[in-house]
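Observations on chain architecture
This is what each chain is made of:
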Protein chains: 2
Amino acid sequence: MKWGIRIMPREVLLDSQGRAVEGLLKQNHFQLSTCRVGRYIELDLQETTEENAKIEIKKMLDFALYNPLIETYTIERLNL
Amino acid sequence: MKWGIRIMPREVLLDSQGRAVEGLLKQNHFQLSTCRVGRYIELDLQETTEENAKIEIKKMLDFALYNPLIETYTIERLNL
């Protein structure tokens with residue numbers, strides 16, 4: 001079962017990577033208002049049920065994958 | 001109009017970040033078969049039509065956001 005986890009910097013924070021990309025694109029005359037940059041993690045789990053998989057993913061997130069002080073995450077099921 | 005771009009290392013490549021995360025999780029007794037790590041970019045565009053927005057995003061991708069030799073991307077419309 002494949003899962004995707006999107007981890008983005010919290011809205012209230014200055015996202016330095018996003019600001020850098022935004023600046024570069026604007027300097028080069030691209031039309032955009034904002035840009036934010038985060039991470040995307042694809043996990044392949046052997047869990048049998050969606051519920052168990054989500055519990056397991058949340059444990060992994062808390063363990064090492066994200067920093068709750070500065071980031072938020074969303075989990076999605078992938079059909080690959 | 002908000003758009004999300006997922007940029008992942010190509011399947012054929014050794015994804016060193018993903019391998020590191022995978023190793024760490026496995027060492028700590030998490031059950032997973034594989035893990036891949038990529039980037040996620042959120043863009044807010046003023047383009048009026050979906051078609052124009054996608055053309056603009058592809059230009060940005062080619063200009064600076066991804067490396068076609070080692071990465072692939074998918075674009076999705078976000079409802080935020």
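The coordinates are above.
Structural notes, computed from the coordinates. For every chain, the first residue of its written sequence is number 1, and the numbers climb from 1 along that sequence. Chain letters and ligand numbers both follow the written order, the letters beginning at A and the numbers at 1. Residues qualify for local features only when their pLDDT is at least 70, as the model is predicted, and side-chain atom pairs are given and counted only at 80 or more; totals for whole chains, interfaces and linings, by contrast, use all residues. Only hydrogens and water are set aside when side-chain values are computed; all heavy atoms of the structure are taken into account.

1. Some remarks on the overall build of chain A
So the rule is basically this: A run of H or I in DSSP counts as a helix once it spans at least four residues, and a run of E counts as a strand once it spans at least two, with each numbered from the N terminus. Two things to know: the radius of gyration comes from C-alpha atoms, and the globule rule equals 2.2 Å times the number of residues to the power 0.38. The cut-offs for exposure are 20% and 50% of the maximum accessible area for each residue type, with area from a 1.4 Å probe on protein chains only; residues under the lower value are buried, those over the upper are exposed, and the others partly exposed. Only heavy atoms matter for contacts: two residues are in contact if any of them lie within 4.5 Å across the pair.
From N to C terminus, chain A includes two helices and three strands. Helices (α) and strands (β) of chain A occur, in sequence order from the N terminus, as β-α-β-α-β. Relative to the globule expectation of 12 Å for 80 residues, the C-alpha radius of gyration of chain A, 16 Å, shows a markedly less compact shape. In terms of principal-axis extent, the alpha carbons of chain A reach across some 50 × 30 × 15 Å. Expressed as a percentage of the 80 residues in chain A, the buried residues total 41%. Summarising the internal contacts of chain A: among those between residues at least 6 apart in sequence, 72% fall at separations of at least 24.

2. Looking at the interface of chain B and chain A
The condition is simple: In short, buried area is how much 1.4 Å probe accessible area vanishes from two parts on joining, totalled over both. Any carboxyl oxygen of Asp or Glu that lies within 4 Å of a side-chain nitrogen of Lys or Arg is treated as forming a salt bridge with it.
If you look at the interface, chain B gives 31 residues, while chain A gives 31 residues. Of the roughly 2900 Å² buried at the junction of chain B and chain A (both faces included), carbon and sulfur atoms supply 59%. The largest per-residue losses of area from chain B upon contact with chain A belong to B:Phe30, B:Tyr40 and B:Glu42, which jointly make up 19% of the total buried on that side. Taken together, chain B and chain A are joined by two salt bridges. Two residues, B:Glu76 and A:Arg6, come together in a salt bridge whose shortest N-O distance is 3.7 Å.

3. Some points on the relation of the copies chain B and chain A
Rule in force here: For this overlay, a least-squares fit was computed on C-alpha atoms, restricted to residues scoring pLDDT of at least 70 in both copies.
The two copies are related by a screw motion: chain B maps onto chain A through a turn of 180 degrees and a shift of 0.0 Å along the axis, at an RMSD of 0.0 Å. Accordingly, the operation relating the two chain copies is best matched by a two-fold axis. Taking C-alpha positions as the reference, the residue of chain B nearest the rotation axis is B:Arg39, at 2.1 Å. Most of the interface of chain B is mirrored in chain A, where 100% of its interface residues are also at the interface.

4. A short note on the sheet that holds strand E3 (residues 71-78) of chain B
What holds strands together in a sheet is hydrogen bonding between their backbones, with the strands either parallel or antiparallel. Going by this rule: When DSSP locates at least two bridges between a pair of strands, those strands are taken to pair. In this analysis an axis means a line fitted to C-alpha atoms, helices contributing only their contacting stretch, and an angle means the value between N-to-C directions, from 0 to 180 degrees.
The sheet built from six strands is open, its strands ordered E3(A)-E1(A)-E2(A)-E2(B)-E1(B)-E3(B) with antiparallel pairing. If you trace the sheet from one side to the other, it starts and ends with strand E3 (71-78) of chain A together with E3 of chain B, each paired once. Across this sheet, the average inter-strand angle for adjacent strands is 25 degrees, counted without regard to direction. Note that strand E2 (residues 34-44) of chain A and strand E2 (residues 34-44) of chain B share 11 bridges and pair antiparallel. Note on E2(B): the bridge partner recorded for A:Leu43 is B:Cys35. Contacts between helix H1 (residues 16-27) of chain B and the sheet are confined to E2 of chain A together with E2 of chain B, with E2(B) contributing the most and set at about 125 degrees to the helix.

5. With respect to the pairing of E2(B)
All names here are of chain B. For E2, a buried count of nine out of 11 residues is recorded, marking the element as mostly surrounded by other parts of the structure. Note: strand E1 (residues 2-9) against E2, six bridges, orientation antiparallel. Residue Ile7 lies in a different strand from E2, and its bridge partner there is Arg39.

6. A closer look at H1(B)
Going by this rule: Expected helix span is given by 1.5 Å per residue-to-residue step, counting one fewer step than there are residues. Arc definition: directions from the helix axis to the C-beta atoms.
End to end, H1(B) covers 16 Å across 12 residues, agreeing with the expected 16 Å (1.5 Å per residue, within 8%). Within the sequence span of H1(B), burial applies to B:Gly18, B:Val21, B:Glu22 and B:Leu25. The arc enclosing the buried residues of H1(B), seen along the axis, measures out at 100 degrees, which places them on a common side. Set apart from the buried face of H1(B) by more than 90 degrees, the exposed residues are B:Ser16, B:Arg19 and B:Gln27. Buried residues along H1(B) sit against E2 and helix H2 (50-65) of chain A together with E2 of chain B. Looking one or two residues past H1(B), B:His29 carries a phi angle of roughly 65 degrees, positive in sign.

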